[in-house]
Amino acid sequence: MSSQASISSDIPLPTSTNMEVSYWDKDPASWDLNDFDFDYVTKHPSANKSEAHQALQSEILLMRSYSKKSNFIKSKLAYLEKSLRQSSRDPVNNMFWMKHKEKLANSVVEEKVAQYQAEVGVSQYLASAIKKRAQALDQVSPKRQFEGSENGSSGRSASSGEYRKRRVKQKTSQIKAVTRTATLSESDAKWFVGEENISEKLLEVRKDTVSKHEKKKNLQDYRELALSHIFLFSRSQNHSVTRDFGTEGHTKVLQALPTVMGVSLPLKATTWSKEILDMINGSMPALSLKECKRKTAEWIVEACDDDDDSLLIFADILHRSVPRLLSATNSNNVEDTFVHNAVTDLLDVVFGEDQKLCHEWANKKFPGTEASVLMKPDFMAATKPSHRVVYLFSVEIKPPTKTRDDDVCEDRVKLGVQMKAMLQVLESLHLRSPQTCGLLIQGFDCTVYQMDSVYKPIYRMMEIGTFKLIGKSHELALLPNAVERLLACKAIVQHNAKKVEDHYR
């Protein structure tokens, strides 16, 4: 049998995941990405590009395990894998899927018109007019949903002439829950982990949450967030939206989340922390403020000589923090005092002294929120291109005396809503893969979050790091980890700030 002949009689074919075995019965010489896509949409008319290419990747893995002895087959599979990696730059493949999307959209419109005609009994002429109107509206605003103004006397839809119920105001909550249901359209990119559709599972969680919310049941923080299409991914399964996915499912989803590049301080940072700690513990009499400042000032100069920005940041934080730790005014019962003692040095040095970022402390209403929604972040960082402030980082702080579950959950939900609002501003600028960051401080425990919206309508709020604040001098060994986590967060903020700046150039 020729190496380019049908392989069905040469090797036992697997049971395919998404394709009929008949495709691999074709002449291997004809195996091609575009040929596969055409065959796939023939069998699955509603499929999109992402689904087809994920199916092909699964098929290649199966076929490779069944064709180890055939070098020709292996080379053809390698060619298909290369075509998959380069598909976004393949004009023929992009044109094929663009035409398929248009065809699919037209078929949906035609189906709706036919259904309407059958139910209402309108003439073919009127049905054709409805079709043209529907297509025109889809081109202008494919997903537009108009809700009646709260000040208007009717709930009339400006686009369709239909009447909709006006939204019920939430009187007891400061954060308005979005209770409209949402489904995935064919144009949405669906999140798959292996063969499991995570997008659908998350929207099922939201659907169940809406039901609980309508019954006035108490909701966990991940469910409160899900009402606004924000899905919380935490390392702790009990606090994560994957709580009911099972241990294995929870682990697989976390492993599929994007990896955040860590930041490592030079070894000098750890050495300095240990040295100052030894000076504090072994000094008789007690280490004086002057000696402390002289030593940390020497390290600032040394960091400047090394021309290492991250080390300079760490030395500056030591220079500010250690004298405070040596003082006796360490009461943390009041939020303002706690922020001054434990938080200000970190945020001011890491974010506040960056010349490319601007920052703001508390007592300012979050931009873009409704007047009835009380939402004041404790700290925010932003970029300011072309006289417009674009926020990228938000912080919510609870002192140790207010770390009950109710307080922490309220702040976590507020933080998620703030991150989504910031991300929607970035999306309005049509930036590619924008991200926002948030920091939740619960007493001395801190959690860093990152948010994206690659798979609409899903906003992923992902835990990317934890650290502890320094409350006493003997905890100085924890400082390098805290600075590294904040620097990793800052790198994400700077990356998105550059995107915004490039947009306004």
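Going by the structure above, here's the rest.
Attention here is on the structure that accompanies the text. (Residues numbered from 1 in each chain as written. Predicted model: local features only at pLDDT ≥ 70, side-chain atom pairs only at ≥ 80, totals over all residues. Heavy atoms only, no water.)

For the structure on display, the rule yields 23 salt bridges. Here Arg223 makes a salt bridge to Asp244, at a shortest N to O gap of 3.8 Å. One end of the pair, Arg223, is in helix H7 (residues 221-226); the other, Asp244, is in the loop between strand E3 (230-233) and helix H8 (246-256), with 21 residues separating them in the sequence. A relative accessible area of 60% places Asp244 in the exposed class. For the salt bridge of Arg320 with Glu353, the shortest nitrogen-to-oxygen distance reads 2.3 Å. (Salt bridge = Lys/Arg side-chain N within 4 Å of Asp/Glu carboxyl O. Helix = DSSP H or I, 4+ residues; strand = E, 2+ residues; numbered from the N terminus. Buried < 20%, exposed > 50% of the residue type's maximum accessible area, 1.4 Å probe, protein only.)

What follows is about the environment of Gln220. Here Gln220 shows up in the loop between helix H6 (198-214) and H7. Through-space distance from the C-alpha of Gln220 to that of Val413 is 9.8 Å; in sequence the pair is 193 residues apart.

Okay, empty space enclosed by the protein next. Inspection of the entire model under this criterion finds three cavities of 30 Å³ or more. One number sums up the size of the largest cavity: a volume of about 50 Å³. Counting residues per element, the ones that place at least two in the lining of the largest cavity are helix H11 (309-326) and helix H12 (335-352). Tallied by class, residues from the lining of the largest cavity come to six nonpolar, one polar and two charged. (1 Å grid on protein atoms, 1.4 Å probe; cavity = no way out; pocket = protein on both sides within 12 Å on 5 of 7 lines; lining within 4 Å. Points joined across faces, edges and corners; volume = space filled by probe spheres on them. Nonpolar A, V, L, I, M, F, W, Y, C, P; charged D, E, K, R; others polar.)

Before going further, it helps to examine the pairing of strand E7 (residues 436-442). Here E7 lies mainly inside the structure; seven of its seven residues are buried. The two faces of E7 match: Thr436, Gly438, Leu440 and Gln442 on one face and Cys437, Leu439 and Ile441 on the other face are all buried. Here strand E6 (residues 390-398) runs beside E7; their pairing, made up of six bridges, is parallel. Across the sheet, residue Glu396 finds its bridge partner in E7, namely Leu440. (Pairing = 2+ DSSP bridges.)

Quick look at the nonpolar core now. If you look at the biggest cluster of nonpolar residues, it comprises 91 residues, and the most contacted ones within it are Phe351, Phe393 and Leu439. Element by element, the count of residues in this core is highest for helix H14 (residues 479-504), at 10 residues. In this structure Phe351 touches Leu357, Phe379, Ala381, Phe393, Leu486, Cys489, Lys490 and Val493, once residues within four positions along its chain are discounted. Ranked by size, the runner-up nonpolar core spans 17 residues in total, among them Leu33, Ala52, Ile60 and Leu84. (Core = buried A, V, L, I, M, F, W, Y, C linked by side-chain atoms within 4.5 Å. Contact = heavy atoms within 4.5 Å.)

Interpretation in functional terms is not warranted from these geometric data alone.
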